[in-house]
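# An overview of the molecular structure
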Amino acid sequence: MGILEAIILGIIQGLTEFLPVSSSGHLQLGKALLGVEIEENLLFDTTLHAATVLSTIVVLFPEIKRLFVGLFSRGYNDEKAYILKLIISMIPVGIVGFTLKDYLDAMLSSPYILTIVGAMLLLTALLLLFASKARSNSSKGVSYGNAIAMGIAQGVAAMPGLSRSGSTIATGMIGGAEKSAVARFSFLMVLAPILGEMLLNVVKGEVVFSSIGTAPLAAGFIASFVVGCLACKFMLGIVRRGKLIWFALYCAVVGIVSIMCNFL
């Protein structure tokens, strides 16, 4: 894989991480269209995810700063409760990461990956359709129940093609939480798992000694970060206005095309 291909895939990741259309699914479609074969699929994908995590930190920095200030304040406050909810939401994806990492990496190299991606995109479309019809309580923030449900949704969304943001945002909205609160929580709850995965790769030396090469990894990271900042701001506004039905239609169309491509 060259630098240009890495940049294109980084743009795809940055754009689709925050839009409810499955960044993992679009990455696999992008690799197929570009004719890119990567031995360490999960490493490259994790690197691009780390870039979008950084873009989340940049865009939501005021929120993150408020949480840190509250964390080191005396007594139990709203910020500490929010952080506890984030921690609870991260447990399912942590379990999936430790127990199913090799299986997921093997799945990304499967000859039927486009069929898997297509099926999961269709499932994403259904979730977004239900969410677009759900009535949220404008005064209800993310509860502990919402955090658990969104955490489970994030763990299941490790499947390629099942949108993480789409699954978590849809789950929160179906649970009745306020739309903007759900979007912010969805973007914040992925920070620790992805950073933890990236740190693990660095400790193991996979980033430095990867056959992918440092330059393509860096190029993909930068492209994903820049585009991710723009997409994060855009998606916050979209969720606030409740325009998820168009993403449901998009996921349905791309899902069908993906399945058809696997048989052509």
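Refer to the structure printed above.
Residues numbered from 1 in each chain as written. Predicted model: local features only at pLDDT ≥ 70, side-chain atom pairs only at ≥ 80, totals over all residues. Heavy atoms only, no water.

## Regarding the overall build of the protein chain
Keep this limit in mind: Helix and strand labels come from DSSP, where a helix needs a run of H or I of at least four residues and a strand needs a run of E of at least two; each type is numbered from the N terminus. Burial classes: relative accessible area under 20% of the type maximum marks a residue as buried, over 50% as exposed, and values in between as partly exposed (1.4 Å probe, protein chains only). Any two residues whose heavy atoms approach within 4.5 Å are treated as being in contact. Each accessible area value is a Shrake-Rupley result obtained with a 1.4 Å probe; residue values ignore everything except the protein chains displayed when judging cover.
Counting its regular elements, the protein chain contains 12 helices and zero strands. Reading the secondary structure of the protein chain in the N-to-C direction produces α-α-α-α-α-α-α-α-α-α-α-α. Across the 264 residues that make up the protein chain, the buried fraction comes to 52%. Here the analysis covers contacts within the protein chain between residues at least 6 apart in sequence; of these, 80% occur between residues at least 24 apart. Within the structure as shown, the protein chain displays about 12,400 Å² of accessible surface, and the carbon and sulfur contribution to it stands at 72%.

## Some remarks on the pattern of salt bridges
Short version of the rule: Any Lys or Arg side-chain nitrogen found within 4 Å of a carboxyl oxygen on Asp or Glu counts as a salt bridge.
Within the structure shown, the criterion is met by three salt bridges. For the salt bridge of Glu17 with Arg164, the shortest nitrogen-to-oxygen distance reads 3.5 Å. One end of the pair, Glu17, is in helix α1 (residues 3–18); the other, Arg164, is in helix α8 (residues 164–174), and 147 residues separate them in sequence. Look at Glu17 and you get buried, because its relative accessible area is 5%. Among the salt bridges present, the one from Glu63 reaches Arg66, with a minimum N-O distance of 2.8 Å. Remark: Arg66 and Glu63 occur in helix α4 (residues 61–71); sequence separation between them is three residues, near one turn of the helix.

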